[in-house]
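Structural features, examined
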Amino acid sequence: DRVGDRRAPAHLQRSRSSGAGHARRSDRRERRPADGRHRTGARALRDEGLEDNTIIVFTSDHGFHLGEHDFWMKVSLHEESVRVPLVIKVPGQKPSVNYAFAELIDLYPTLAELAGLPLPHKVQGKSLVPIIQDQHASVRDHIFSVSVFRDVKSFLIRDHNWAYIQYNEDAS
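A quick note: this is a predicted structure, and the numbers were derived from the prediction, not measured.

Our focus in this paragraph is the overall build of the protein chain. Helices and strands together make up the secondary structure of the protein chain, namely four helices and seven strands. In the protein chain, the succession of helices and strands from N to C terminus is α-β-β-β-α-β-α-α-β-β-β. Relative to its 172 residues, the protein chain shows a buried fraction of 26%. Of the contacts formed within the protein chain by residues at least 6 apart in sequence, a portion of 48% connects residues at least 24 apart.

This paragraph deals with the pattern of salt bridges. Tallied over the entire structure, the rule returns two salt bridges. The residue Arg140 makes a salt bridge to Asp106 at a minimum N-O spacing of 2.7 Å. One end of the pair, Arg140, is in the loop between helix 4 (129–133) and strand 5 (143–149); the other, Asp106, is in the loop between strand 4 (86–89) and helix 3 (107–115), with 34 residues separating them in the sequence. A single burial state applies to Arg140 and to Asp106, both of which are buried. Each of Glu103, Asp106 and Arg140 takes part in a single network of salt bridges with overlapping partners.

Within the secondary structure, Thr110 is located in helix 3. Of the polar contacts made by the side chain of Thr110, one reaches the backbone oxygen of Asp106; its length is 2.6 Å. Apart from residues no more than four positions distant in its own chain, Thr110 is found in contact with Ile88, Lys126, Ser127, Leu128, Val129 and Ile132.

This brings us to the pairing of strand 7 (residues 163–167). Here strand 6 (residues 152–158) pairs with strand 7 via five bridges, running antiparallel. The partner of Ile157 across the bridge, within strand 7, is Tyr164. Hairpin connection of strand 6 to strand 7: four residues between the antiparallel strands.

A positive phi is found at Asp151, a non-glycine position, where the angle reads about 65°. On the basis of relative accessible area, Asp151 is assigned to the exposed category, the value being 76%.

Below, the discussion takes up helix 3. Of all the residues in helix 3, the buried ones are Leu107, Pro109, Thr110 and Ala112. In this fold, the buried residues of helix 3 make contact with strand 1 (56–59), strand 4 and helix 4. At the exit of helix 3 stands Gly116, carrying a positive phi of roughly 75°.

So, how was this worked out
Residues numbered from 1 in each chain as written. Predicted model: local features only at pLDDT ≥ 70, side-chain atom pairs only at ≥ 80, totals over all residues. Heavy atoms only, no water. Helix = DSSP H or I, 4+ residues; strand = E, 2+ residues; numbered from the N terminus. Buried < 20%, exposed > 50% of the residue type's maximum accessible area, 1.4 Å probe, protein only. Contact = heavy atoms within 4.5 Å. Salt bridge = Lys/Arg side-chain N within 4 Å of Asp/Glu carboxyl O. Polar contact = N/O pair within 3.5 Å; in protein donor to acceptor, adjacent residues only side chain to side chain. Pairing = 2+ DSSP bridges.

What follows is the structure, encoded as structure tokens:
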């Protein structure tokens, strides 16, 4: 039993093209109710007159393997498990897409700055406001992530060209 050995259910273990494709189609179908809830929430904000002074954040705490690397679920530090969605809707800000690095620890300084709140001196993370205001901006040149699975700590550092994953604290 290797670390992270969580295989896809038998009906999804067919060839990569059919199995992963089937899982992705299922994922798209399961995403629809969440999209509907988002529209309902946005409609409620609009109906209550709160749309122009409410920041909306949509994210997740982890990505998800759908058969890639023979994994199923969130069991590694590969791209599929580390990458998460991050959507920030700021009143008065034109929508844009930015592929710059961001970490979830960046949310607090970002929301504090957008809300005009002071930041404590020892806050980790960087404000993403420059990225929100300019789709070509960036605030990081690399990201760092840690995962613990079955008492094994794994570390990832990634830049735009490379990803280094170390399994176990002593790299064993």
